[in-house]
Amino acid sequence: MFRYISKAEIFSALDANIHGELKWAPSSAHLKTWQDIAVYQIIKDSTGLDIAEIGGGDSRLLHRLKLNNRCCNVDRFEGQHGGPGEEIMIEGVRNVRAFVGENSPDLPDDSLDLMYSVSVVEHVPAEAAASFLDDSVRMLKPDGRAYHAIDLY
């Protein structure tokens, strides 16, 4: 399913103080932080799940999600598209240095309840899109979910 994040969802997240829970001030907001709160509002109540942030870099959400879930950050940390050029460690979060689409053995079949990304999928090259989707389906458990906030200009 494809759908836009609406202004109503953003205002609902602000009314619910999601930005406070993530510890950022609306006055410092940019596109990624608005996407963060929209995605976080959907998944924040997840408990006991295996969760992967795709292309998380210096993740703004894993700090909270790791409190009640088993989390990993799937990123090569090679500085692509403004991401960090060196590995960033978040205590309690496992890093998987790979791209989705590479069938990494560190991300086994049916191992994830939930995967998400913020401003990542639009950077997947067209020739790698099918591999990205196939690998995503491979990693997700049969009832798994994926949420990807994508920049549209």
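Just so it is clear, the model here is predicted, and its values are computed rather than measured.

Chemist: Teacher, can you tell me more about the overall build of the protein chain here?
Modeler: Within the protein chain, the secondary structure is distributed over 5 helices and 5 strands. When the helices and strands of the protein chain are listed from N to C terminus, the series reads α-α-α-β-α-β-β-β-α-β. Relative to the 2.2 N^0.38 estimate, which gives 15 Å for 153 residues, the radius of gyration of the protein chain is 15 Å and therefore close to what a compact globule would have. In terms of overall dimensions, the protein chain has C-alpha extents of about 40 × 35 × 35 Å along its principal axes. Each of the 153 residues in the protein chain was classed as buried or not, and the buried ones make up 41%. For the protein chain, long-range pairs separated by at least 24 residues make up 59% of all intrachain contacts whose partners lie at least 6 apart in sequence. As presented, the protein chain carries roughly 8,500 Å² of accessible surface, and 53% of it is formed by carbon and sulfur atoms. Each charge class in the protein chain can be summarised by its mean position, and for the 15 positive and 24 negative side chains these summaries are 5 Å apart.

Chemist: Can you walk me through the sheet that holds strand 4 (residues 112–118) in this structure?
Modeler: Sheet strands pair via backbone hydrogen bonds, and the direction of the pair is either parallel or antiparallel. Read from one edge of the open sheet, 5 strands run 3-2-1-4-5, paired in parallel fashion. Edge positions in the open sheet fall to strand 3 (93–96) and strand 5 (140–149), since each of these has one partner strand only. Neighbour to neighbour, the strand axes of the sheet diverge by 20° on average, direction disregarded. Inspection of the sheet shows strand 2 (residues 70–74) paired to strand 3 by 4 bridges, in the parallel sense. Bridging from a neighbouring strand, asparagine 73 pairs with asparagine 95 of strand 3. Here helix 3 (residues 31–43) sits on the sheet in contact with strand 4 and strand 5, set at roughly 160° to strand 4. Where helix 5 (residues 129–139) meets the sheet, its contacts fall on strand 1 (50–54), strand 4 and strand 5, and the angle it forms with strand 5 comes to roughly 135°.

Chemist: What should I look at first to understand helix 5 in this one?
Modeler: When we look at burial in helix 5, the residues that qualify are Phe132, Asp135, Ser136, Arg138 and Met139. One side of helix 5 holds all its buried residues, which, seen down the axis, span an arc of 160°. Within helix 5, the exposed residues directed more than 90 degrees away from the buried face are Leu133, Asp134 and Val137. Buried residues belonging to helix 5 abut strand 1, strand 4 and strand 5.

Chemist: Before we go on, may I ask you to explain the environment of proline 125 in this structure?
Modeler: Within the fold, proline 125 resides in the loop between strand 4 and helix 5. Sequence-wise, proline 125 and phenylalanine 77 are 48 residues apart; in three dimensions their C-alpha atoms are separated by 17 Å.

Chemist: I'm lost on a nonpolar patch on the surface in this one. Help?
Modeler: A contiguous nonpolar patch, built from Phe2, Tyr4, Ile150 and Leu152 and spanning about 460 Å² of accessible area, is present on the exposed surface. You can see phenylalanine 2 is positioned in the segment before helix 1 (7–15).

The rules behind the values
Residues numbered from 1 in each chain as written. Predicted model: local features only at pLDDT ≥ 70, side-chain atom pairs only at ≥ 80, totals over all residues. Heavy atoms only, no water. Helix = DSSP H or I, 4+ residues; strand = E, 2+ residues; numbered from the N terminus. Rg over C-alpha atoms; globule rule 2.2 N^0.38 Å. Buried < 20%, exposed > 50% of the residue type's maximum accessible area, 1.4 Å probe, protein only. Contact = heavy atoms within 4.5 Å. Areas by Shrake-Rupley, 256 points an atom, 1.4 Å probe, with all protein chains shown as cover. Lys, Arg positive; Asp, Glu negative; His and termini not counted. Charge placed at Lys NZ, Arg CZ, Asp CG, Glu CD. Pairing = 2+ DSSP bridges. Axes fitted to C-alpha atoms, helices over the stretch in contact; angles between N-to-C directions. Arc of directions from axis to C-beta. Patch = residues over 30% accessible without salt bridge, like charges linked within 9 Å, V, L, I, M, F, W, Y side chains within 5 Å. Salt bridge = Lys/Arg side-chain N within 4 Å of Asp/Glu carboxyl O.

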